[in-house]
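Listed here are the chains, written in short residue letters.
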Amino acid sequence: CYYLCCSDIPCFNITSDDSGSGSTGSDGDTICDPSAAAFEDTYGSLKDIMTELELLALFTAAAIHDYDHPGRTNAFLVACGDNKSVMYNDRSVLESHHVASAWYLLVSDERYNFLSGLSSAEFKRFRFLLIEAVLATDLKRHFDFLAQLNAKTAEGEGMDWSSPEDRILALQMCIKLADINAPCKDFDLHSQWTKRIVEEFYQQGDHEAELGMQISAYMDRSKDEPRVPELQLNFIKHLVAPLYHAMASSCLIPGSWVEITEEEEEELRNSDQTDGLNSAKPTIMPHTHKFVSQLQKNLDSNYAVWKERDEIYQASIKTNGTVEEEEEEEVPAPAADVSIPEEEEEPTEAPQARTRARSK
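Presented here is an overview of the structure given in this document. (Residues numbered from 1 in each chain as written. Predicted model: local features only at pLDDT ≥ 70, side-chain atom pairs only at ≥ 80, totals over all residues. Heavy atoms only, no water.)

### Some points on a nonpolar patch on the surface
Okay, step 1: Taken together, the side chains of Tyr67, Leu105 and Tyr112 make up a nonpolar region of the molecular surface, amounting to roughly 270 Å² of accessible area.
Okay, step 2: Turning to its location among the elements, Tyr112 is positioned in the loop between α5 (93-108) and α6 (120-135).
Okay, step 3: When its relative accessible area of 40% is taken as the criterion, Tyr112 is described as partly exposed. (Patch = residues over 30% accessible without salt bridge, like charges linked within 9 Å, V, L, I, M, F, W, Y side chains within 5 Å. Areas by Shrake-Rupley, 256 points an atom, 1.4 Å probe, with all protein chains shown as cover. Salt bridge = Lys/Arg side-chain N within 4 Å of Asp/Glu carboxyl O. Helix = DSSP H or I, 4+ residues; strand = E, 2+ residues; numbered from the N terminus. Buried < 20%, exposed > 50% of the residue type's maximum accessible area, 1.4 Å probe, protein only.)

### Regarding the side chain of His65
Okay, step 1: For His65, the location among the structural elements is in the loop between α2 (52-64) and α3 (74-80).
Okay, step 2: A distance of 2.9 Å separates a polar side-chain atom of His65 from the backbone oxygen of Ala62.
Okay, step 3: Setting aside chain neighbours within four positions, we find His65 in contact with His98, Val134, Thr137, Ile175 and Asp179. (Polar contact = N/O pair within 3.5 Å; in protein donor to acceptor, adjacent residues only side chain to side chain. Contact = heavy atoms within 4.5 Å.)

### Some words on the packing of aromatic side chains
Okay, step 1: Taken as a whole and assessed by the stated rule, the structure comprises 6 aromatic pairs.
Okay, step 2: Consider the rings of Trp257 and Phe291, whose centres lie 6.0 Å apart with planes at 75°: the pair is edge-to-face. Of this pair, Trp257 sits in strand β5 (residues 256-259) while Phe291 sits in strand β7 (residues 289-292), and the two are 34 residues apart along the sequence.
Okay, step 3: Just above the ring of Trp193 sits the side chain of Arg196; from NZ or CZ to the centre is 5.6 Å.
Okay, step 4: Across the ring face of Trp306, the terminal group of Arg309 is positioned such that the distance to the ring centre comes to 5.4 Å. (Phe/Tyr/Trp six-rings, centres within 6.5 Å; stacked < 30°, edge-to-face > 60°. Lys NZ or Arg CZ within 6 Å of the ring centre and 35° of its normal.)

### Looking at the layout of surface pockets
It is a probe the size of a water molecule, rolled over the atoms, that shows where empty space is left.
Okay, step 1: Each pocket or cavity is described by its volume, and for the largest pocket that value is around 1,100 Å³.
Okay, step 2: Residue lining of the largest pocket: 39 residues in total, with Asp66, Asp179, Ile180, Ile197 and Phe235 positioned closest to the centre.
Okay, step 3: Those elements that provide at least two residues to the lining of the largest pocket are α1 (2-6), α5, α8 (164-179), α9 (187-210) and α10 (228-249).
Okay, step 4: The element contributing the most residues to the lining of the largest pocket is α9, with 8 residues.
Okay, step 5: Here the residues of the lining of the largest pocket sort into 19 nonpolar, 12 polar and 8 charged. (1 Å grid on protein atoms, 1.4 Å probe; cavity = no way out; pocket = protein on both sides within 12 Å on 5 of 7 lines; lining within 4 Å. Points joined across faces, edges and corners; volume = space filled by probe spheres on them. Nonpolar A, V, L, I, M, F, W, Y, C, P; charged D, E, K, R; others polar.)

### With respect to α8
Okay, step 1: Taking 1.5 Å of rise per residue, 16 residues should cover 22 Å, and α8 covers 22 Å from first to last C-alpha, within 8% of that figure.
Okay, step 2: Across the 16 residues of α8, 12 count as buried, placing the element largely inside the fold.
Okay, step 3: If you check which residues of α8 are buried, you get Asp166, Arg167, Ile168, Leu169, Ala170, Leu171, Gln172, Met173, Cys174, Ile175, Lys176 and Leu177. (Expected span 1.5 Å × (residues − 1).)

### Brief notes about α2
Okay, step 1: Taking 1.5 Å per residue, 13 residues should reach 18 Å; α2 reaches 18 Å between its end C-alpha atoms and fits that length.
Okay, step 2: Taken as a whole, α2 has its buried residues at Leu53, Glu54, Leu55, Ala57, Leu58, Thr60, Ala61 and Ile64.
Okay, step 3: Here the buried face of α2 lies against α1, α5, α6 and α8.

### Observations regarding the pattern of salt bridges
Side-chain pairing between opposite charges can occur once the charged atoms of the two side chains come close.
Okay, step 1: Tallying each qualifying case throughout the model produces 8 salt bridges.
Okay, step 2: For Glu54, the salt bridge goes to Arg167, with nearest N and O atoms at 3.1 Å. Taken together, the residues Glu54 in helix α2 and Arg167 in helix α8 connect sequence positions 113 residues apart.
Okay, step 3: Between Arg227 and Asp224 there is a salt bridge whose closest N-O contact spans 3.3 Å.
Okay, step 4: One connected set of salt bridges, linked through shared partners, spans Glu199, Asp206 and Arg221.

What follows is the structure, encoded as structure tokens:
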């Protein structure tokens, strides 16, 4: 979250009220409107438009968003009738538990309460922002948030930084990407996180077997280890990449502009993306620059690694017949909070929205 909020974002122009083109937040801070700016090789960051209280809530939410996690999914807790599931009425069970448990800890001892200096109104607002941020990490609501952000980009209006609601949406998108951004890291670090989450999946699968439940998809340690590349490909393609590109199109991703030639622009526009990530074309300013990000580079690189490994595994099945015919098995649906949706057609025009919004 710190990286997303404090790193430079291209075309994130900060203007003041003196120029007549900016707007001011309720606390008097300058609010920028990058959607209304023509392309310039200029940079800004989210910390310049969010209030200090919003940033405090976001960073606190990042610290507590998985507090006291039991290593089981929401779907498992609901299916088992776990106390947490009953307490939170089967809705965003883990996310509600994380924020509630952390809040109890915060206010249980004055030694932990770093909010004692806030006014009553600030304290109430902080709690609201904290809850909104942590609950946004529930993947069951993932596509609702994407729809909200994509709608703003598609309509050509962009984010209204004078609106507290839009700043909250940006806050929620930041913690969502931070939560699932392991594929946006370099592969060595990404693979470490993959091993941890896969082992957590297997532990849940073991628990499901002990209880006589159907083992969830990708959670059977006796046969699912070779399917890790498939798991990661689906996770990247259907969850991480659409989120990244929605944020990039809305000018919420740190990066830089790189000059390109007309030949490079034509090649990029006409390149075949059907075998890669949905909407993977970079944002392009006509005949001048393309937007590049280290997050994008890592995402594309990691996707290629997993794709190669999955192709090797699939080829070994056909060649050696070493794996049971999975086509004849009915694979159980993934848990709701880690589900991979059926492949949908992604809006290939989404990355270009940055271009349109900046040039209007």
